[in-house]
Structure formats: structure tokens, C-alpha cells
Amino acid sequence: STQSTWGLFLRMSRNPTPYTPGFDDDDFVVIDKPRIPPAARGPPAPRARGPTPTPPIAQPTNMHQQFASMQLSQPELTEFRGAFKSTFDANLSRWNHERVNIQMEVKPFSEGGMRYCYRMWECDSKTGEKLFAYVAKIFKGNSRPEEYWDEAMTQMIAESYAQIWNRIHHLKVAFLPVSVMKVDGVEHLFCVEPYLPGDYVKHNDNNGHVETQHDLPQAFSHFSYETSDHTVLIVDIQGVGDFYTDPQIHSADNKGFGMGNLGPDGIQRFFSTHVCNDICRELGLPPVGVVETDEQMARRLQEEENRKQYPHLIQDSQIYTQRLREVVQGAPYTPDLRDRQRPPPR
């Protein structure tokens, strides 16, 4: 039910423990974050200390053998293992780390085109009691550690936009909290998120396709573009009800957010099929026909800044443009000094 799911999220959002000494050791990777969009940006995070070694990534078959070697009395579960869990805080623009104990199934219960999915539990360190149920995901083939960090960061940044949405609209949305987990004795990283029972529905993808007739997911994607000053667009909206997972972010500069970030082309694909609905109009989201280039966006932002600092110059420019248009169209032009009124100099 929705209530029980919210309860799980509240328990999952407890404050993480402070930074753990020895966390940045040789078997763990810390990478630089991509540029955070304005609506989700907080104070700058301290840079990672020292080099960031990249451990070799084993093939999934080797990982299955690793898990099989950790079996004890329960034939389908690994033994209890320690792990570092890292969760990105988009509001503060930093990673929070905590030490946890986990147990997980040896074999994946599901797989997609890119990843295997395992059942995992966070357990009490003293009693072994299962506290939280997760889905742990690994990429197939020779994946890079950055892919796990990008995926977790993408989903938590999407959640920061969901929080902005929830403050202004009565229809609520949420993205599942995702963490990167490094399990002791296992080479692979994992992306873990709370297990969410129910039927998954995909509403749109990162190529501009619309899969359902639901207004809310489409409006949220449009909302993310406007709220970020046209720097990012959140798509690939899917999940159970209004709890979403596995989003993709397209950025105007085509940086960060994994291989699924198609940059301006992905943004253009979304708006080529997007039709503003009642929620878009309720929020006052403007229709978007043509997506700005980087140069156009820089010019627009500069003009907005100039408009704040030099309003009389903007007025002169607008008057000049209007007069030039009249001349080109053959309309008579009569200078009027009243057009050039401005506040007296200080």
C-alpha cells in the first residue's frame, strides 16, 4: 500500500553516519560528480582526496562464483557481509557514507537488457534481523564504476526536482532513494534501492516516445526543463504508481548522467512529441517548440542578467529593434524623445 511504502521511505531516510575514516582506500572508487543543475545545486562538495584507482571489473559469471563461495547454511543466501553504502545528497551536493551489514540472494531474480537484479536485505549487526528489503542491480559485461555513481546521482537529482514539484502541486511524485554499495570481498559495485512491489509501468523513454496517456509523468518532465533554466530534462519516467525509478537526465551541455544522456538531441526528441496537458497549463509551463543551443541559452541568460542591472539599456534596445522593423516593413518612422526617457544619473 501507499502508506506502508511511505513508511519504508521514512525509515530509509534516517540520517547517515558521518564520514568513515579509511573509506577512500584502495578497493573503493570515488569519482568527481558532473555539473549539478541550478535547482539542485547546493554548497560545493570537497574534492576527493588522492588518486581514484579503478579496480578490475569481473564478469557476472565470476561474481556468481564469488557469491556461491560465500554460502553457509542457507543454500540461496550469502553469509552476512559488511558493506559501505553511499547516497548522494543533491541539496548539499555531496555523498553521505555509512557502514551497513547485508545479506543477499546468490542468483538474480530478474534481468533486463543491461543489468541483473538481486534481492538484498540490510540486517541488524547484532541480531541479523532483516531490516530493509532492497533490489541490488549490477550492469552486465565490462561495466565501469562511473556508471554506478552516475545512475545513483541521476536518480537522487531527479528526486530533488520531485521535492520542488511536491511543494507547488497537490499531485505528489517521488523517486526511490538509490545508493551505491561496495560489499566486502566483492569486486563489483551495486546500485541498491528499496524493493517496491507492484506492476511497473513505463510512461516515457529517453528517445521521445510516450508510452501511456498519464498526464503527470509528461508534465513532470516538462517541469524539470523549465525549473532547471533549460539545463536538464528528466525522462524515462517509470515505476509503480507515482513512485518512480531508473530515470534518465538529458543535459543541455551533454555532460554527466551516464551513457543515456543524449544531450540537446534527447531534449529535442522529447519536445518533438510532447503535447502540453492540463497539468502543464495549470503550472503555467510554456510550450516548447525549438530547444535552445548552448549559444542561445548563454545569450538568454546574459540578457536576463542585463535586464536586471541595466533596464534602460534594454528599453533602448527594444525601441531600436521596433523602429528598425518598422523601417524594413515600410512604415513611417518619426523619432520621439519620449521613447528614450530614463532615470536621471545618480
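Residues numbered from 1 in each chain as written. Predicted model: local features only at pLDDT ≥ 70, side-chain atom pairs only at ≥ 80, totals over all residues. Heavy atoms only, no water.

### A look at the packing of helix H4 (residues 215–227) against helix H5 (residues 263–273)
Condition: To define axes, lines are fitted to C-alpha atoms, for helices over the stretch in contact only, and angles between the resulting N-to-C directions are given on a 0 to 180 degree scale. Note on conventions: DSSP H or I runs of at least 4 residues are helices, E runs of at least 2 residues are strands, and numbering of each starts at the N terminus. Roughly parallel means an angle under 35 degrees; roughly antiparallel means over 145; roughly perpendicular covers 65 to 115; every other angle is labelled oblique. It is the rotation of the near helix from the far one that decides the hand of a crossing: anticlockwise by less than a right angle makes it left-handed, clockwise makes it right-handed. Note on definitions: a residue-residue contact is assigned when non-hydrogen atoms from the two residues lie within 4.5 Å. The nonpolar class holds Ala, Val, Leu, Ile, Met, Phe, Trp, Tyr, Cys and Pro. Asp, Glu, Lys and Arg form the charged class, and all remaining residues, Gly among them, are polar.
Contact geometry for H4 and H5: axes closest at 12 Å, N-to-C directions at 135°. Looking at the two axes, H4 sits oblique to H5. As H4 runs across H5, the sense of the crossing is left-handed. Residues Gln 218, Ser 221, His 222 and Tyr 225 of H4 form the contact with H5, whose own contacting residues are Ile 267, Phe 270 and Phe 271. Each residue belonging to the contact of H4 with H5 can be placed in one class, and the counts come to 4 nonpolar, 3 polar and no charged.

### Regarding the sheet that holds strand S9 (residues 201–202)
Worth spelling out the cut-off: DSSP calls a pair of strands paired once it identifies at least 2 bridges connecting them.
Ordered by their spatial adjacency, 4 strands build an open sheet running S6-S12-S11-S9, and the pairing between neighbours is mixed. Looking along the sheet, the strands with just one partner apiece sit at the ends: strand S6 (174–175) and S9. Of the strand pairs in this sheet, S6 and strand S12 (residues 243–244) are connected by 2 bridges, and their pairing is parallel. Residue Phe 175 lies in a different strand from S12, and its bridge partner there is Tyr 244.

### Side note on the packing of aromatic side chains
Here is the rule: Between 30 and 60 degrees the pair is tilted, below 30 it is stacked and above 60 it is edge-to-face, where a pair is any two Phe, Tyr or Trp rings, Trp via its six-membered ring, whose centres lie within 6.5 Å. Two conditions define a charge sitting above a ring: the NZ of Lys or the CZ of Arg must be within 6 Å of the ring centre, and it must be within 35 degrees of the ring normal.
Applying the stated criterion across every chain yields a total of 10 aromatic pairs. Ring-pair connections join several aromatic residues into one group, and the members of that group are Trp 165, Phe 175, Phe 220, Phe 223 and Tyr 244. Its end group placed over the ring of Phe 109, Arg 119 keeps NZ or CZ at 4.3 Å from the ring centre. The ring of Tyr 116 carries Lys 140 above its face, with NZ or CZ at 5.1 Å from the centroid.

### Description of the nonpolar core
To keep it simple, the criterion reads: Here, nonpolar core means buried Ala, Val, Leu, Ile, Met, Phe, Trp, Tyr and Cys residues that are tied together by side-chain atoms lying within 4.5 Å of each other. The buried label applies to any residue whose accessible area, calculated with a 1.4 Å probe on protein chains only, is under 20% of its type's maximum; exposed applies above 50%, and partly exposed to all values in between.
Ranked by internal contacts, the top residues of the largest apolar core, which has 51 residues, are Met 181, Phe 190 and Phe 220. With 11 residues, helix H3 (residues 145–168) is the single largest residue contributor to this core. Residues within four places of Phe 220 in sequence aside, it is in contact with Ala 158, Tyr 161, Ala 162, Trp 165, Val 173, Phe 175, Ile 234 and Ile 237. Residues Tyr 225, Val 235, Phe 271 and Val 288 belong to the second largest nonpolar core, which totals 7 residues.

### Here's the deal with the confidence of the model for the chain
What counts here: Every residue carries a pLDDT, the predictor's confidence in it, which falls somewhere between 0 and 100.
Taken residue by residue, the chain gives an average pLDDT of 76. The fraction at 70 or more is 65%. For the stretch residues 1–36, pLDDT sits under 50, and the model shows 70 contacts to residues farther than four places along the chain or on other chains. Contacts of residues 332–346 to residues separated by more than four positions or lying in other chains number 12 contacts, the stretch itself having pLDDT below 50.

### Quick word on the packing of H3 against H4
For the pair H3 and H4, the least separation of the axes is 10 Å and the interaxial angle reads 100°. Between H3 and H4, the angle is such that the two are roughly perpendicular. Contacts between H3 and H4 pair Ala 158, Tyr 161, Ala 162, Ile 164, Trp 165 and Ile 168 from the former with Leu 216, Ala 219, Phe 220, Phe 223, Ser 224 and Thr 227 from the latter.

### What to know about unusual backbone geometry
Here Asp 236, not a glycine, exhibits a phi torsion of approximately 55°, which is positive. Tracing the backbone through its elements, the reader meets Asp 236 in the loop between strand S10 (232–235) and strand S11 (238–240).

### What about the environment of Ile 234?
As for its position among the elements, Ile 234 is in strand S10. Residues within four places of Ile 234 in sequence aside, it is in contact with Ala 158, Tyr 161, Phe 175, Phe 220, Ser 221, Ser 224, Pro 247, Gln 248 and Ile 249.

### Section: the pairing of strand S2 (residues 94–104)
For S2, the tally of buried residues reaches 8 of 11 residues, placing the bulk of the element in the interior. In this structure, the hairpin formed by strand S1 (residues 81–89) and S2 is closed by a connection of 4 residues, where Ser 93 is found at a positive phi of approximately 55°. Inspection of the sheet shows S2 paired to strand S4 (residues 115–123) by 4 bridges, in the antiparallel sense. The residue of S4 that forms the bridge with Met 104 is Met 120.

### A closer look at the side chain of Ser 86
Note the following rule: As used in this structure description, the phrase polar contact means that two N or O atoms lie within 3.5 Å; if the pair is within protein, one of them must be able to donate a hydrogen and the other to accept it, and residues adjacent in sequence are counted only when both atoms belong to side chains.
Structurally, the position occupied by Ser 86 is in strand S1. A distance of 2.9 Å separates the side chain of Ser 86 from the side chain of His 97, its partner in a polar contact.

### Some details on the pattern of salt bridges
This is how it is decided: Within this document, salt bridges are pairs made up of a side-chain nitrogen of Lys or Arg and a carboxyl oxygen of Asp or Glu, the two lying within 4 Å of each other.
Tallying each qualifying case throughout the model produces 15 salt bridges. Residue Arg 99 pairs with Asp 184 through a salt bridge whose shortest N-O separation is 2.4 Å. Taken as a pair, Arg 99 in strand S2 and Asp 184 in the loop between strand S7 (179–183) and strand S8 (189–194) lie far apart in primary sequence, 85 residues in all. Among the residues examined, Arg 99 registers a relative accessible area of 42% and is labelled partly exposed. Look at Asp 184 and you get partly exposed, because its relative accessible area is 27%. Notably, a salt bridge pairs Arg 144 with Glu 146, separated by 3.6 Å at the nearest N-O pair. Judged by relative accessible area, Arg 144 falls into the partly exposed class, the value being 41%. Connected through salt bridges with shared partners, the residues Arg 115, Lys 137, Glu 151, Glu 193 and Asp 246 form a single ionic network.

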